[in-house]
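Report on the structure
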Amino acid sequence: MEELKGANGGYAWEDEYQRSWDIVKEDDGGSLEGIVTSLVEARKKRFMKNVTPFQRGIIRTMVLVVDLSSSMQEKDLRPNRASITISYAIDFVGEFFDQNPISQLGIVVMRSGVATLVSDVSGNPQSHIDNLRALRKLEPKGDPSLQNALEMSKGLLLHVASHCTREVLIIFGSLLTSDPGDIHKTILSLVVSKIRVRVIGLTAQVAICAEMVRKTNFGDSSLYGVILNETHYKELLMNAVTPLAISNQSLAETAPGFSLVEMGFPSRISETASPSFCSCHSKLTYGGYVCPQCLSKICSLPTVCPCCQLMLILSTHLARSYHHLFPLKTYVEVPVLTNYDTEFCFGCQIAFPAGVTPLEAQVLKAKEEAQWGMKKHMLTSSRYRCPDCQVSFCIDCDVFSHDVLHNCMGCESIRESPSKPTLSVNAI
Amino acid sequence: MDAIAESVFDNTMPHAAVDDTPSHLSVILETSAAGWLAIPQTTLKQVSEALLVALNAHLASNTSNQVSVLASGVQRSEFLFPTPEDTHAKHHNGTSTLVSSKLYSLFRHVDEEVLHRLDAHIQTEGNGCDKGTLAGGTSMALAYIRRCQAETAALKARILIISITDDSAIPYIPVMNCIFAAQKMKTSIDVCQLGPASSFLQQAADATGGVYMDVKHPQGLIQYLTTAFFVDTSLRPFMVLPSQNNVDFRASCFVTGGVVERGYVCGVCLCILKDVPQRNFCPVCGSRFDDLVISKLRRGPVVTRKKKRKTDALQTPLTPAAEQPEAVTDD
């Protein structure tokens, strides 16, 4: 309950309502620029998350369970819950395969008391997206059954190799579940098969979901979230994109150690003269990839060779996941000073604001406190420094580096000192 | 006469409907001294001359077009154009001797700035480390493009790398991160390779829809830069571009460095290994592998000799005669 308490020590709902336009006040010169930039930066900072390197079970297998019961017809999310869920799920599929290229996904729908398989567990994002699009025509109906959906997910995840994670992500709009049997037994069987469940609630917390999440995640119930609004919904869904950290307890349980996977790196061939049959769709195509083990032709990667069951990927697919394993250090905000040694952002060359004298800073802080009655203040230096190379960046470049690029521009561009001992990776 | 004139006029009409979206061209020039020494056919001076022509041509093709130029040496990557001092109106007062003062002011501005800064960059370059800073330069170019796209709506962007070094000077993970970031930003990376072929840069061009060319005759660089590398990204699907059919996608072993077609991947750090490690530990991240999995992988193919009786039993259901007794037992 602690995190529910607001800045004044009371609960958020006891607080006086803050209108967004009250925060924006003109400064002495009648300009809004200073306050607007500090507000923008404060918002961006929230997106910056703490990065601690830890081992993640990168090869993931996930079943996405979508509620399509009558409660999904509610219009509290526009245009209604079902259609926003489907469009967010499509975004999720794209992002999931972008971040976890060698993972697999399946989609199950809960509707009128039964669980229906919409998209079989596979590594092809396009087929999932097509299947989700087809769901738009389906009208939400009846009650959901968590037990049926969980049993089906369990069946889908049962054959998954031990080196992959087994995850279920449930988007749950209802407040009830109509089950044919005892759901507690199903939850216990999930724990035994090491399936981890994550739930996103659209209405309110449901005790059975909380219990299910807690039991399948070694007592950790932080993976059960109930949405506040559309943005929060998206945020919760995108949190599921990042691979789960392997918990210490699960590490202890899988004591024998980690897995080594045999994989093939096919070479691309081009056939300009005459097409040949591919082994995945049995269609005539020009060019493709050739499995190094059985020499059959495949249209797209990553996939499992339909002929010899060898997992086929490109080395670039592996490289896409490396940033999870070697995360970029969080930049440190430079404290407010009178003079700074940097005038421009190293990345985008944008000019930083000038320094503020201590007296001015005092005045500004006092004014902010008087305005908002809050302890936190918005005055920033707008400079964020990499702890390794000591180069300053603007907030936009900081966010860009951590979210999109995953490189530190300073560390990669300046090599005055002898290079740091880095991991020697010579892969092509 | 009128008829002819009219038809000519009609024919030119469709050209009025050309796409007016401004485009940003970011050029990254490698300046490693050792790299330039290894290419006897051309010099940095000739290449920068050709580059300035290409930059001016890009600026001339649309009034809102933008350029940025970065130098990437062995020790540091930095912006040649635009530079913060430059954008904050600290112009040279027309005393430059490098560029004719009669040139169109925008061209002159870019040309002077690039040449001055390039000169300064080369003066300060010292001996570098084994890995160059190309990835850093590309990262900075992407960050600058991000800013320009935030400031100007609907700005197309592409990156041109004038490379002189091979894969040994490029750090793998940072350059791959750049490729993925460029893919996300829908920015294509063109590579003009003057030195030995580089498979990383080939992959960069392939993944982002760019052009990769091994320039065999650097004397004609102007022509390469203003033809193959000059095509706008939106027009590329309709043009016959110098294509690269065989991109080297094979991986290389993290330990031995050998080319791998069929290898083993560590489940924790995803490093690629050619063989099953001798000890049960990942040589990169040190995690312990499951003994059972390792022994399964070590076990070679075994030809099992089938017992004669078993094969008989398998064959029987195939013959129609054998089906009848089965049906009898069911009853």
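Since the structure is predicted, the reported quantities are computational estimates derived from the model, not experimental observations.

**With respect to the overall build of chain A**
Scanning chain A for helices and strands turns up 13 helices and 17 strands. The proportion of buried residues among the 428 residues of chain A is 47%. In chain A, once contacts between residues fewer than 6 apart in sequence are set aside, the share between residues at least 24 apart is 65%. A total accessible area of about 20900 Å² is found for chain A, and carbon and sulfur atoms account for 54% of it.

**So, the sheet that holds strand β13 (residues 303-304) of chain A**
The strand order β13(A)-β14(A)-β7(A)-β9(B)-β10(B) describes an open sheet built from five strands, whose pairing is mixed. Looking at which strands have only one partner, the edges of the open sheet turn out to be β13 of chain A together with β10 (272-273) of chain B. The sheet contact formed by strand β7 (residues 260-264) of chain A and strand β14 (residues 311-312) of chain A spans two bridges and is parallel. Along β14(A), the bridge assignment pairs M263(A) with M311(A).

**Concerning a nonpolar patch on the surface**
All names here are of chain B. A grouping of L235, F238 and M239 is seen on the molecular surface, where their side chains present a nonpolar patch of about 350 Å² in accessible area. Along the chain, F238 falls in the loop between α9 (221-226) and β7 (251-252). We classify F238 as exposed; its relative accessible area is 68%.

**Some thoughts on the pattern of salt bridges**
Applying the stated criterion to the full structure yields 15 salt bridges over all chains. Of the charged contacts in the structure, one is a salt bridge between E211(A) and K215(A), with a shortest N-O distance of 2.8 Å. Taken together, the residues E211(A) and K215(A), both in helix α7 (residues 207-216) and four residues apart, mark about one turn of the helix. For K215(A), a relative accessible area of 36% translates into the label partly exposed. We note a salt bridge from D190(B) to R158(B), for which the minimum N-O separation is 3.8 Å. Taken together, the positions of D190(B) in strand β5 (residues 188-193) and R158(B) in strand β4 (residues 156-163) put the pair 32 residues apart, joining distant regions of the chain. Residue D190(B) is classed as buried on the basis of its relative accessible area of 0%. The exposure class assigned to R158(B) is buried, which follows from its relative accessible area of 3%. Overlapping salt bridges, with partners in common, bring together R158(B), D190(B) and R236(B) in one network.

**Things to note about the packing of aromatic side chains**
Residue and element names in this part refer to chain B. Applying the stated criterion to the full structure yields eight aromatic pairs over all chains. Here the aromatic rings of Y104 and F107 are separated by 4.9 Å at their centres, their planes lie at 85°, and the arrangement is edge-to-face. Since its relative accessible area comes to 49%, Y104 is described here as partly exposed. On the numbers, 5.3 Å between centres and 50° between planes, the contact of Y172 with F200 is tilted. With Y172 in helix α7 (residues 172-184) and F200 in helix α8 (residues 199-208), this residue pair connects regions lying 28 residues apart in the sequence.

**Brief notes about the interface of chain A and chain B**
In this assembly, 63 residues from chain A lie in contact with 75 residues from chain B. In this structure, R268(A) engages D206(B) in a salt bridge whose closest nitrogen and oxygen atoms are separated by 3.3 Å. Between the two partners, chain A and chain B, sit 14 residue pairs in polar contact (both at pLDDT 80 or more). If you list the elements that add at least two residues to the side of chain A that touches chain B, you get α3 (81-99), β7, β8 (267-269), α10 (315-325), α12 (395-405) and α13 (409-413) of chain A. Element by element, the count of residues in the side of chain A that touches chain B is highest for α10(A), at nine residues. The residue makeup of the side of chain A that touches chain B, split by class, is 32 nonpolar, 21 polar and 10 charged. Judged from the five bridges that link them, β7(A) and strand β9 (residues 262-266) of chain B form a sheet pairing that is antiparallel. Opposite G264(A), over in β9(B), you have R262(B) as the bridge partner.

**Side note on the environment of Q75(B)**
Mapped onto the fold, Q75(B) is located in the loop between β2 (66-72) and β3 (77-81). According to the relative accessible area criterion, Q75(B) is buried, its value standing at 12%.

**Some remarks on the domain arrangement of chain A**
Assigned domains within chain A: domain 1 (60-248), domain 2 (267-325) and domain 3 (332-414). Here the C-alpha centre of domain 3 of chain A lies 40 Å away from the C-alpha centre of domain 1 of chain A.

**Here's the deal with the nonpolar core**
I170(A) and F393(A) are the most contacted members of the largest nonpolar core, which has 116 residues in total. Dropping the residues within four chain positions of it, I170(A) is found in contact with V65(A), M110(A), L146(A), L150(A), V197(A), R198(A), V199(A), I200(A) and M212(A). Among the nonpolar cores identified, the runner-up in size contains 35 residues, and L55(B), V67(B), V211(B) and M213(B) belong to it.

**Some details on the confidence of the model for chain B**
Residues and elements named next belong to chain B. Averaged over every residue, the pLDDT of chain B is 79; the share at 70 or more is 79%. Within chain B, strand β1 (residues 23-30) carries the highest mean pLDDT (94), whereas helix α12 (residues 320-330) carries the lowest (43). In this model, residues 1-16 is a region of pLDDT below 50 whose contacts with residues beyond four sequence positions or in other chains number zero contacts. Low pLDDT, under 50, characterises residues 316-331; the predicted model gives this stretch three contacts beyond four residues in sequence or across chains. In the model output, the complex is listed with pTM 0.73 alongside ipTM 0.79.

**Digging into the side chain of N65(B)**
All names here are of chain B. As for its position among the elements, N65 is in the loop between α3 (44-61) and β2. For N65, the side chain forms a polar contact with the main-chain oxygen of H58, separated by 2.8 Å. Dropping the residues within four chain positions of it, N65 is found in contact with P22, S23, H58 and L59.

**Observations regarding the side chain of R146(B)**
When you line up the elements, R146(B) lands in helix α6 (residues 134-151). When neighbours within four sequence positions are excluded, R146(B) is seen to be in contact with C348(A), D396(A), C397(A), F400(A) and M185(B).

**Thoughts on the packing of α7(B) against α8(B)**
Residue and element names in this part refer to chain B. α8 packs onto α7 with a crossing angle of 15° between their chain directions and a minimal axis gap of 9 Å. One way to sum up the angle between α7 and α8 is to call them roughly parallel. Here α7 and α8 pass one another in a crossing that is right-handed. Facing α7, whose interface residues are Y172, V175, M176, I179, A182 and Q183, α8 presents F200, Q203, A204, A207 and T208. In terms of residue class, the contact of α7 with α8 is made up of eight nonpolar, three polar and no charged.

**Side note on the packing of α3(B) against helix α5 (residues 105-124) of chain B**
All names here are of chain B. In contact at an axis separation of 10 Å, α3 and α5 are set at 150° when each is read in the N-to-C sense. If you check the angle between α3 and α5, you find them roughly antiparallel. Where α3 crosses over α5, the handedness of that crossing is right-handed. Residues L44, S48, L52, L55, N56, L59 and A60 of α3 form the contact with α5, whose own contacting residues are L106, F107, V110, D111, V114, L115, L118 and I122.

**Digging into the pairing of β4(B)**
Residues and elements named next belong to chain B. Most of β4 is tucked away: eight of the eight residues are buried. Where burial is concerned, the two faces of β4 agree: the one with K156, R158, L160 and I162 and the one with A157, I159, I161 and S163 are both buried. In this structure, β1 lies alongside β4, joined through seven bridges in parallel fashion. Along β4, the bridge assignment pairs S26 with I159. In this structure, β4 lies alongside β5, joined through six bridges in parallel fashion. Note that in β5 the partner of I162 across the bridge is C192. Taken together, β4, α7 and β5 constitute a β-α-β crossover, and its handedness is right-handed.

Thresholds applied
One numbering rule holds for all chains: residues counted from 1, following each sequence as written. Chain letters start at A and ligand numbers start at 1, both assigned in the order the entries are written. Only residues with pLDDT of at least 70 get local features here, since the model is predicted, and only at 80 or more are side-chain atom pairs given and counted; chain-wide, interface and lining totals rely on the full set of residues. The side-chain quantities take in all heavy atoms of the structure and omit both hydrogens and water. Put simply, DSSP H or I for four residues or longer makes a helix, DSSP E for two residues or longer makes a strand, and each gets a number counted from the N terminus. Residue burial is assigned from relative accessible area. The probe radius is 1.4 Å, only protein chains are included, and a residue is buried under 20% of its type maximum, exposed over 50%, and partly exposed in between. In this description, contact between two residues means that some pair of their heavy atoms is separated by no more than 4.5 Å. Calculation of accessible area relied on Shrake-Rupley with a 1.4 Å probe; when residues are assessed, cover is drawn exclusively from the protein chains displayed. DSSP bridges decide pairing: two strands pair if at least two such bridges lie between them. Within this analysis, patches are made of residues with over 30% relative accessible area and no salt bridge. Like charges are joined at 9 Å or less; nonpolar side chains (Val, Leu, Ile, Met, Phe, Trp, Tyr) at 5 Å or less. The working definition used for a salt bridge is a side-chain nitrogen of Lys or Arg within 4 Å of a carboxyl oxygen of Asp or Glu. Ring pairs are drawn from Phe, Tyr and Trp, using the six-membered ring of Trp, whenever the two centres fall within 6.5 Å, and their geometry is named by plane angle: stacked under 30 degrees, edge-to-face over 60, tilted for the rest. For this analysis, a polar contact is any N or O atom pair within 3.5 Å, provided that within protein one partner can donate a hydrogen and the other can accept it, and provided that sequence-adjacent residues contribute only side-chain to side-chain pairs. For this classification, the nonpolar set comprises Ala, Val, Leu, Ile, Met, Phe, Trp, Tyr, Cys and Pro, the charged set comprises Asp, Glu, Lys and Arg, and every other residue, Gly included, is treated as polar. Reported domain spans reflect what an automatic or database domain assignment gives. Side-chain atoms within 4.5 Å are what join buried Ala, Val, Leu, Ile, Met, Phe, Trp, Tyr and Cys residues into a set we call a nonpolar core. By definition, pLDDT measures how confident the predictor is in each residue, and it falls between 0 and 100. Inter-axis angles, ranging from 0 to 180 degrees, are taken between N-to-C directions of lines fitted to C-alpha atoms, where helices are fitted over the stretch in contact. Angles are sorted into four bins: roughly parallel if under 35 degrees, roughly antiparallel if over 145, roughly perpendicular if 65 to 115, and oblique for all others. Crossing handedness: left-handed means the near helix sits turned counterclockwise from the far one by under a right angle, and right-handed means the same turn made clockwise. When the strands point away from the viewer and the path from the first strand over the helix to the second turns clockwise, the crossover is right-handed.

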